Amino acid sequence: MDQPSVRLAVIGAPRVEGPASEGLALLRRAATRPAVAAAEVVVVPGDLSAQGAGAQLQAAARALRPLRARLVALPGRADVPSLQPGDATAWARDFGGDLAWPRRVELADGAAVLFAIDTARLDGGHDAVGPKQLAALEHLLADLDPGVRRVVALHHPPTQPPWLRMPGREPAPTLADVADLADLLRAHSVDLVLHGRAPHLTRAKLGTVVVLGAPPLGGDAVTGQRFVLDVALGLTDGAVTVARTQVAAPADRADLQAVFAQTEAIEAWVRLAERAYEAEDTFAAFAAAFAERDARLTRIDAA
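Residues numbered from 1 in each chain as written. Predicted model: local features only at pLDDT ≥ 70, side-chain atom pairs only at ≥ 80, totals over all residues. Heavy atoms only, no water.

(A) Here's a closer look at the packing of helix 5 (residues 131–142) against helix 6 (residues 178–187). Closest axis-to-axis distance for the helix 5/helix 6 pair is 11 Å, and the angle between their directions is 5 degrees. Considered as vectors, helix 5 and helix 6 are oriented roughly parallel to each other. Residues Leu134, Leu137, Glu138 and Leu141 of helix 5 form the contact with helix 6, whose participating residues are Asp180, Leu181 and Leu184. Taken together, the residues of the contact of helix 5 with helix 6 sort by class into 5 nonpolar, no polar and 2 charged. (Axes fitted to C-alpha atoms, helices over the stretch in contact; angles between N-to-C directions. Helix = DSSP H or I, 4+ residues; strand = E, 2+ residues; numbered from the N terminus. Parallel < 35°, antiparallel > 145°, perpendicular 65-115°, else oblique. Contact = heavy atoms within 4.5 Å. Nonpolar A, V, L, I, M, F, W, Y, C, P; charged D, E, K, R; others polar.)

Set out below in structure tokens:
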């Protein structure tokens, strides 16, 4: 019997340039896909606009208006230039949500919770979670009951392992306080992290934390593939499954085939790495058990 789960749709950066842009057309199309319709929450992890112009952000907001009740839209690095430091009001007006970050979204009648954090920093900071948000997120996570599933959404990747780097491309920028964030996510047993600024679909692990990076919907996608992530989080065991919902098929270009193959090879490598991490966790548990057994035997011998 299948365990109950909560479904989340993740739409990568649309990078809307204007009313006739490819990014806007793809965003409108993505908003109508069955995976998006079936999701309890729809996450867009930043870069909704190409250059942060007000008209670009407003066009993206209009395309996402049918999803507003279920929408978690995060500001990205490309979105911030048109917004004045401290002006979170404009973002809340266009994309919904509270003015304060982190934002909390209840899922599955409280069986899971999503926390959205602002790493593009509408408050004028740059490429950092910041001590205020870190402290608030730690308090919110610590306050949850142990059985509640935990999801965190942000713009920047919370880690930058070597297999997420494409040859010949700049790696996605990391956060100034990425180590502090990673420690917090592990310490509070977060199940899933969703982020943007990924050149392709990326998968990683932070201990037991599953980290998924959504590929861009518009703009310069590495593979030319345009799809929405259909993510299911198991409410019983926290297992994460990911499916792709195609939005636009890539052009049939021979020069892209090598890129496709390379991307699939990277994903296969990541899956192997995840199994290695699980084996390490099992080994660590066995080692701790043996150490405890040896300590008990030592105490018995001493008695």
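Having seen it, we continue.
(B) Spotlight on a positive patch on the surface. A cluster of basic side chains, namely Arg28, Arg62, Arg65 and Arg68, defines a positive patch on the protein surface. Within the fold, arginine 62 resides in helix 3 (residues 54–64). (Patch = residues over 30% accessible without salt bridge, like charges linked within 9 Å, V, L, I, M, F, W, Y side chains within 5 Å. Areas by Shrake-Rupley, 256 points an atom, 1.4 Å probe, with all protein chains shown as cover. Salt bridge = Lys/Arg side-chain N within 4 Å of Asp/Glu carboxyl O. Lys, Arg positive; Asp, Glu negative; His and termini not counted. Charge placed at Lys NZ, Arg CZ, Asp CG, Glu CD.)

(C) The arrangement of the pairing of strand 2 (residues 41–44) in detail. Neither face of strand 2 is open: one carries Val41 and Val43, the other Val42 and Val44, and all of them are buried. Relative to strand 2, strand 1 (residues 5–10) runs parallel, the two being bridged by 3 bridges. Note on strand 2: the bridge partner recorded for leucine 8 is valine 41. With 3 bridges connecting them, strand 2 and strand 3 (residues 71–73) associate as parallel partners. Residue pairing for strand 3: valine 44 is matched across the bridge by alanine 73. Regarding the hand of the β-α-β motif, the stretch spanning strand 2, helix 3 and strand 3 is right-handed. (Buried < 20%, exposed > 50% of the residue type's maximum accessible area, 1.4 Å probe, protein only. Pairing = 2+ DSSP bridges. Right-handed = clockwise from strand over helix to strand, strands pointing away.)

(D) Quick look at the sheet that holds strand 8 (residues 202–206). Overall, mixed pairing links the 6 strands, which are arranged 4-5-6-7-9-8 in an open sheet. The outermost strands of the open sheet, each flanked by one partner alone, are strand 4 (103–107) and strand 8. Across this sheet, the average inter-strand angle for adjacent strands is 20 degrees, counted without regard to direction. As defined by bridge partners, strand 4 adjoins strand 5 (residues 112–116) across 5 bridges and the pair is classed as antiparallel. Directly across from glutamate 106, in strand 5, lies its bridge partner valine 113.

(E) Local environment of the nonpolar core. Leu8, Ile11, Phe95 and Leu114 are the most contacted members of the largest nonpolar core, which has 54 residues in total. In terms of residues, this core owes the most to one element, helix 3, which gives 6 residues. The residues contacting leucine 114, other than those within four sequence positions of it, are Leu8, Val41, Val43, Val72, Arg103, Arg104, Val105, Leu107, Val151 and Ala153. Of all hydrophobic cores here, the second largest spans 22 residues; its members include Leu134, Leu137, Leu185 and Leu206. (Core = buried A, V, L, I, M, F, W, Y, C linked by side-chain atoms within 4.5 Å.)

(F) A look at helix 6. All buried positions along helix 6 are accounted for by Leu181, Ala182, Leu184 and Leu185. For helix 6, the angular spread of buried residues about the axis comes to 160 degrees, placing them on one side. Packing partners of the buried residues in helix 6 comprise helix 5, strand 6 (149–154), strand 7 (192–195), strand 8 and strand 9 (209–213). Trailing helix 6 by a residue or two, serine 189 shows a phi angle of about 50 degrees, which is positive. (Arc of directions from axis to C-beta.)

(G) Focus on unusual backbone geometry. At aspartate 109, a position not held by glycine, the phi torsion is positive, near 55 degrees. Summarising the element assignment, aspartate 109 is placed in the loop between strand 4 and strand 5. Even without being a glycine, arginine 121 presents a positive backbone phi close to 65 degrees. Mapping arginine 121 onto the fold places it in the loop between strand 5 and helix 5. Residue class for arginine 121 comes out buried when judged on its relative accessible area of 14%.

(H) Examining the sheet that holds strand 11 (residues 240–248) more closely. Judged by pairing direction, the sheet is mixed, and its 5 strands sit side by side in the order 3-2-1-10-11 without closing on themselves. The open sheet is flanked by strand 3 and strand 11, the only strands paired with a single partner. Averaged over all neighbouring strand pairs, the angle between strand axes comes to 25 degrees, with direction disregarded. Sheet strands in contact with helix 1 (residues 22–31) are strand 10 (226–234) and strand 11, and its direction is about 125 degrees off that of strand 11.

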